[in-house]
Amino acid sequence: MKTFFSKVYIVLLLVVFAANANAQKNSLYIDSLKKILLTEREDTNKVNTLNALASQFNINLDSMNAATYANTALLLAKKTNFKKAMANAYSSLGLACMNGGNSTEALKFYNVALTIYKKINDKTSIANTYSFMAGLYYGLENLSEALQNSLSALKVWEELGDKSHIADSYQYTGAVYSALGNNSEALKFYFLALKIQKEKENKNRIAQTYLSIGECYTNEKQYAKATYYDSLGYVIYKGLSDKGFDWGIPFALNSIATNYDNEGDFDIVAGNKISGDKNYIKALKYYLLALEEWKKLGWKASYSEVISNIGYLYLKLNDIGKAKKYLKEGAQEEKDLNTMRGLMDNYLNLSIVDSIERNYEQAYNNYKTYIIYRDSIYNDEKTKKSVKVQMQYSFDKKEAIAKAEQEKKDADSRRIKNQQYFAIATLAVIVLAAIIIAFIQFRSNKQKKQANLLLQQQKQKVEITLSELKSTQAQLIQSEKMASLGELTAGIAHEIQNPLNFVNNFSEVNTELIDEAGQEIDKGNIGGVKTILNDIKENEQKINHHGKRADAIVKGMLQHSRISAGQKELTDINVLADEYLRLAYHGLKAKDKSFNAKFTTDLDKTIEKINIIPQDIGRVILNLLTNAFYVVNEKKKQVEQDLTGFKNLLGLEHYEPTVSVSTKKIANKVLISVKDNGNGIPQKILVKIFQPFFTSKPTGQGTGLGLSLSYDIIKAHGGEIKVETQEGKGSEFIIQLPFV
């Protein structure tokens, strides 16, 4: 029978036939790419070549080679941080899985590719990925996801103004609505697609859309309209047969036959047997033409179904001999293909044929086989049904023996009665099945509509919440940055004041020395003048040195306060660590005059400059130092309080708050350590310290974002940050950065 699957199959065949038609050319292209690959270095050009090879193997439906080259491309793309190539590799892996029949795994790869394409704003690739995912979800019968992805693809193509792809998206969206049973919505999208396809004069796509429209009208039981559009599609495909589109002809013929077949059933139910038989004969004509075309193409899956339809049609026309011939042939083809539902229908119809021919034992065997296939499909109490069939057979057999003599006397009369009984029973089964299917479909459509509405509402809520979260996150990050800048301000003031004092003092001394030089000149003491000038020169050098020192401090402050552009620079990590150590200390000293702590450094002088974003790494070091000075100061206050209350006299009065900063180069890594002798971090909160908004400080004294942002910054540099702690003795935060 005519199903939406046939329409999707047409779309997939476009890729298959294009690949087969260019197989030789594609093979030559693959060979040339392999030769190029041998000469390339481990860079972006090689990644692109590997991805091109994966793509070509996917076109050839060679899933194994496609996956091999895509995985190699992915590893090199990650190594070179080539985002576009990473996404292309994931996409090729998704297509390889899809060609290999693993749709679930394909979706995983496409989702990763989609995330990267969105980050780099590659809209064409985003739209293509949505389209592939829509097809995969449809194959998995997840129609709500299929519809959502198809509409997402359509939205992006509309933004790009790509009419050809807009038409394809209309076509796919209509197909999903058709599968959902919403034929009115499906027709709306099909006609939108048809309008663009006619503008583009894309005859193949026009024919395909005509068949899709015909399918919708068939579903709506408007068979005349369905036949009209299917015929339009047939005429176009007939004209394209010499261009490799002869496969569309049997699809169209089968659709036309189905419409006449359905019209015949409708007439028989209405009691109009003459009109019904006429439609059956028309259907038979088109089924036979479709069968001939399918056999030319060698598509067993399609022509086995048509053979079965022809057999059933002969049964409805009461041509028992031909019905039996085609039903047996169809059953054999379905058995070769292991098509369970086709086998079930064939054996049911064969049991009817055998019953009409009074071959009851064979009728029973065929009916029993039908039951077995039916139960294997529906899994509905197999044992009970087998027993019931056996009991029914025993009863039928005894009854047949008892009536044997009577049947010999009145064979013709009995045959006619049997035909009537089976016809009525078959009709009753068909009507009952139609009612049940209609009821199930009605309920299913209602549930799907409700689910779609709920999904849309939830999507809108999630989008609003996400927007609010992003805005809040940006504000909190800016607040954390300004908080760290505030910590620096007082320290910077202190650091600038020292060189300025030197500048002022040496300037005053130089003024006095100039006056003395004038007096010596008046005396004619040239030696004394030279000595004074040398002193002035030395003082000027000191003024210059301290002026540059103040300039460097101001530049460091500006560098810390500006928004990071993400540009890495070669930076002396020792200078950076020493700078932020003194600024952090004096910043806290300025805020709390009673604050006092010892700080030490152990900087590895052999470390060369490393490629980092200095303001970001400086922010991390400042955060760790500020936390370290805070905890040692808090411990000192606690010790003093304990001593005041005579709670602890075990030597804690000798506690000296100390913060140590060290750097070290190990192999291809640079280690930066910030160590304190505070109270350490309790084990129960150790796992939470890098979580956003977690803080152990009193309310109002911390945002809870410092360590979280520090963790993200170090990860972005390809490094890691670890903590070693011991309650009551202190903590050590260790930053590991790659030496690049």
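Here goes a summary of the coordinates provided. Since we're looking at a predicted model, the values are computed, not measured.

1. Remarks on the overall build of the chain
Then step 1. Helices and strands together make up the secondary structure of the chain, namely 26 helices and seven strands.
Then step 2. Every one of the 740 residues in the chain was classed for burial, and the buried ones make up 41%.
Then step 3. Taking as baseline every contact in the chain between residues at least 6 positions apart, the subset at least 24 positions apart corresponds to 64%.

2. Details of a nonpolar patch on the surface
Then step 1. Side chains of Val 269, Leu 427, Val 431 and Ile 435 sit close together on the surface and give an oily, nonpolar patch of about 340 Å² of accessible area.
Then step 2. Ranked by residue count, the leading element in the nonpolar patch is helix H21 (residues 411-523), at three residues.
Then step 3. Considering the arrangement of structural elements, one finds Val 269 in helix H13 (residues 248-269).
Then step 4. Exposure remark for Val 269: the relative accessible area of 57% places this residue in the exposed category.

3. Focus on the packing of helix H4 (residues 63-80) against helix H5 (residues 83-99)
Axes are the key here: two packed helices are described by the angle between their axes and the distance separating the axes.
Then step 1. H5 packs onto H4 with a crossing angle of 160° between their chain directions and a minimal axis gap of 8 Å. It follows that H4 is roughly antiparallel to H5 by the angle criterion. In terms of crossing hand, the pair formed by H4 and H5 is left-handed. When H4 is examined against H5, the residues Ser 63, Ala 66, Ala 67, Ala 70, Asn 71, Ala 73, Leu 74, Ala 77 and Lys 78 are found in contact with a partner set consisting of Ala 85, Met 86, Ala 89, Tyr 90, Ser 92, Leu 93, Ala 96 and Asn 99.
Then step 2. Of the residues in the contact of H4 with H5, the class split is twelve nonpolar, four polar and one charged.

4. Quick notes on the pairing of strand E6 (residues 720-726)
Then step 1. In this structure, E6 lies alongside strand E7 (residues 730-738), joined through seven bridges in antiparallel fashion. Within E7, the position partnered with Glu 724 by the bridge is Glu 732.

5. Some points on the pattern of salt bridges
Oppositely charged side chains are able to pair whenever their charged atoms sit close together.
Then step 1. By the definition in use, this model includes 13 salt bridges.
Then step 2. Between Asp 122 and Lys 84 there is a salt bridge, and its shortest N-O distance comes to 2.1 Å. Taken together, the positions of Asp 122 in the loop between helix H6 (103-120) and helix H7 (123-139) and Lys 84 in helix H5 put the pair 38 residues apart, joining distant regions of the chain.
Then step 3. Taking the relative accessible area as the measure of exposure, Asp 122 reaches 15% and is therefore buried.

6. Side note on unusual backbone geometry
Then step 1. At Asn 81, a residue that is not glycine, the phi angle is positive and equals roughly 55°.
Then step 2. The topology assignment puts Asn 81 in the loop between H4 and H5.
Then step 3. Its relative accessible area of 49% is what places Asn 81 among the partly exposed residues.

7. Concerning the environment of Gly 680
Then step 1. Along the chain, Gly 680 turns up in the loop between strand E5 (669-676) and helix H25 (683-686).
Then step 2. Under the relative-accessibility criterion, Gly 680 is labelled partly exposed at 24%.
Then step 3. Through-space distance from the C-alpha of Gly 680 to that of Glu 727 is 4.4 Å; in sequence the pair is 47 residues apart.
Then step 4. Beyond its immediate sequence surroundings of up to four residues, Gly 680 is in contact with Thr 725, Gln 726, Glu 727, Gly 728, Gly 730 and Ser 731.

Here is what the cut-offs are and how they apply
- Residues numbered from 1 in each chain as written.
- Predicted model: local features only at pLDDT ≥ 70, side-chain atom pairs only at ≥ 80, totals over all residues.
- Heavy atoms only, no water.
- Helix = DSSP H or I, 4+ residues; strand = E, 2+ residues; numbered from the N terminus.
- Buried < 20%, exposed > 50% of the residue type's maximum accessible area, 1.4 Å probe, protein only.
- Contact = heavy atoms within 4.5 Å.
- Patch = residues over 30% accessible without salt bridge, like charges linked within 9 Å, V, L, I, M, F, W, Y side chains within 5 Å.
- Areas by Shrake-Rupley, 256 points an atom, 1.4 Å probe, with all protein chains shown as cover.
- Salt bridge = Lys/Arg side-chain N within 4 Å of Asp/Glu carboxyl O.
- Axes fitted to C-alpha atoms, helices over the stretch in contact; angles between N-to-C directions.
- Parallel < 35°, antiparallel > 145°, perpendicular 65-115°, else oblique.
- Left-handed = near helix turned anticlockwise from the far one by under 90°.
- Nonpolar A, V, L, I, M, F, W, Y, C, P; charged D, E, K, R; others polar.
- Pairing = 2+ DSSP bridges.

Remember, this is a structural readout, not a statement about activity or role.
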